[in-house]
Amino acid sequence: MKINIIFLLSFIASGALAQVTYSSVYKDVNYADDGMSYHNMDIYIPQAKKIDYPVIVVVYGSAWFANNLKDAAIQTMAKHLLDAGFAVVAPNHRSSNEAKFPAQINDIKAAIRFIRGQAKKYNLDTSFVGITGYSSGGHLAALAGTSGTVKNFTVGKVTQDIEGSLGNYNGYSSKVHAVVDWFGPTNLWVIDSCRGKDARQPNTPEEVLIGGKVDDNYDKCALLDPAIYIDKKTPPFLILHGDRDVVVPACQSELLYSALQKAKVPSQYVLVNGGQHGPGMFTDQYFKMMTDFFRSRLTTTR
């Protein structure tokens, strides 16, 4: 759990914790109908008075170790999105110690399906659903973006159910219309070499997530990579990464961006000079870039 403490201290040091203003909030809504806290989410409604609100899902980072950090996602990401008129939904998800991949993306997709299934109850306009996240949450946001039409997927000898069937709203889509990925890992097969390591590091968050050594699990690592699912239906992406990030090296975002560009998916990659894993990234300048991106996609979608 040590890495979680590092992440949270980074967010505090970066000045990311901001006063969140909203008109109403629905706390601990269980999107899986199973009563488990790791399947709870919070729904925040903006102060602006409207009939309904376009939605942004925010996913916390924790190296996939945490199952209840939705408050951190709200404190880090919600202020600018709410001020811009978006409803903000922050889901928990199962930790890698509780369940191995693809449980985490199954949870995020179930939360998105729930949002669509219960849109009227919470005054949500699901004609636009965006998603964002930081660190491991950035990975899950990116994966939700690229795998929106994927059910089962096979690489080599491994087949995994990326969509899952959690919850009561399996007749609804888990697709999103736009993605903002904040320094998320992507290609676990090369992440150690990107960090400048000559050999694999033992007991990494990646190994906990897949339930084995990276060198023995190429197929599983490939199934975790958002790039492998990119197709002509992939929504637009904004990717932000710091050039001084030593936790998740910037090459991870560069690889994803290159794959998006190759597939001609509308995408933008911002490499932040001096940006670290939180500090130097969570500033008004880049939060505005995020909200401007979502607003532009909202206009295009409608």
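Residues numbered from 1 in each chain as written. Predicted model: local features only at pLDDT ≥ 70, side-chain atom pairs only at ≥ 80, totals over all residues. Heavy atoms only, no water.

Participant: Break down the overall build of the chain for me, citing the residues and quoting the values.
Facilitator: Scanning the chain from terminus to terminus reveals 9 helices and 10 strands. Computed over C-alpha atoms, the radius of gyration of the chain comes to 18 Å, within 12% of the 19 Å expected from 2.2 N^0.38 for 302 residues, which places it in the range of a compact globule. Dimensions of the chain, computed from the C-alpha atoms along their principal axes, are close to 55 × 40 × 40 Å. Long-range pairs, those at least 24 residues apart, make up 77% of the contacts in the chain with a sequence separation of at least 6. When the accessible area of the chain is evaluated, it comes to approximately 12,200 Å², of which 49% is carbon and sulfur surface. Side-chain charges in the chain split into 30 positive and 27 negative, and the spacing between the mean points of these groups amounts to 5 Å. (Helix = DSSP H or I, 4+ residues; strand = E, 2+ residues; numbered from the N terminus. Rg over C-alpha atoms; globule rule 2.2 N^0.38 Å. Contact = heavy atoms within 4.5 Å. Areas by Shrake-Rupley, 256 points an atom, 1.4 Å probe, with all protein chains shown as cover. Lys, Arg positive; Asp, Glu negative; His and termini not counted. Charge placed at Lys NZ, Arg CZ, Asp CG, Glu CD.)

Participant: How would you sum up helix α9 (residues 284-301)? Please name residues and give values.
Facilitator: With 18 residues, α9 should cover 26 Å at 1.5 Å per step; its first-to-last C-alpha distance of 25 Å lies within 8% of that length. Within the span of α9, buried status applies to Y286, F287, M290, T291, F293, F294 and L298. One side of α9 carries all its buried residues, which in axial view fall inside an arc of 150°. Set apart from the buried face of α9 by more than 90 degrees, the exposed residues are D284, Q285, T299 and T300. The inward-facing, buried residues of α9 contact β3 (53-59), α2 (70-83), β5 (124-134), β8 (178-182), β9 (237-242) and β10 (267-272). (Expected span 1.5 Å × (residues − 1). Buried < 20%, exposed > 50% of the residue type's maximum accessible area, 1.4 Å probe, protein only. Arc of directions from axis to C-beta.)

Participant: So what about the nonpolar core? Which residues, and what values?
Facilitator: With 55 residues, the main nonpolar core has M41, I43, V57, I105, I108, L124 and I131 as its most contacted residues. A total of 7 residues in this core trace back to one element, the largest contributor, which is helix α3 (residues 103-117). Here I131 is in contact with V57, V59, I108, I112, A141, A144, V176, A178, V179, V180 and F294, once residues within four sequence places are set aside. Ranked by size, the runner-up nonpolar core spans 36 residues in total, among them V58, Y134, V272 and F294. (Core = buried A, V, L, I, M, F, W, Y, C linked by side-chain atoms within 4.5 Å.)

Participant: Go over the environment of I43, please, and point to the residues and values.
Facilitator: As for its position among the elements, I43 is in strand β2 (residues 40-45). According to the relative accessible area criterion, I43 is buried, its value standing at 0%. If we ignore the near neighbours within four places in the chain, the residues touching I43 are S24, V25, Y26, V29, V88, V89, Y122 and L124.

Participant: Hey, could you go over the pairing of strand β4 (residues 87-91) for me, with residue numbers and the actual values?
Facilitator: Of all 5 residues in β4, 5 are buried, a share of seventy percent or more. Across 4 bridges, the pairing between β2 and β4 is antiparallel. Among the inter-strand pairings, I43 is bridged to a residue of β4, identified as V89. Here β3 pairs with β4 via 3 bridges, running parallel. Residue pairing across strands places V55 opposite A87, the latter belonging to β4. Following the backbone out of β3, through α2 and into the adjacent parallel β4, one traces a crossover that is right-handed. (Pairing = 2+ DSSP bridges. Right-handed = clockwise from strand over helix to strand, strands pointing away.)

Participant: Please give an account of the state of the cysteines that cites residues and values.
Facilitator: Applying the stated criterion across every chain, the model contains 1 disulfide. Across a sulfur-sulfur distance of 1.8 Å, C194 and C251 are joined as a disulfide pair. Handedness of the C194-C251 disulfide follows from its S-S torsion of about 120°: it is right-handed. In this pair, C194 is assigned in helix α5 (residues 191-194) and C251 in helix α8 (residues 251-262), connecting sequence segments 57 residues apart. With a relative accessible area of 27%, C194 lands in the partly exposed category. Among the residues examined, C251 registers a relative accessible area of 18% and is labelled buried. C221 carries a free sulfur, and the closest cysteine sulfur to it, the one in C194, is 13 Å from it. (Disulfide = S-S within 2.5 Å.)

Participant: Any chance you could break down the packing of aromatic side chains for me, citing the residues and the numbers?
Facilitator: Counting across every chain of the model gives 17 aromatic pairs. A centroid spacing of 5.8 Å and a plane angle of 75° characterise the contact between Y134 and F282, whose relative ring orientation is edge-to-face. Remark: F282 occurs in the loop between β10 and α9 and Y134 occurs in strand β5; sequence separation between them is 148 residues. Across the pair, F282 and Y134 agree in class, each one buried. The interplanar angle of 85° and the centroid separation of 4.9 Å between the aromatic rings of W189 and Y218 together place this pair among those described as edge-to-face. Residue W189 is found in the loop between β8 and α5, and its partner Y218 is found in helix α7 (residues 218-224); the two are separated by 29 residues along the sequence. The exposure class of W189 is partly exposed, given its relative accessible area of 28%. (Phe/Tyr/Trp six-rings, centres within 6.5 Å; stacked < 30°, edge-to-face > 60°.)

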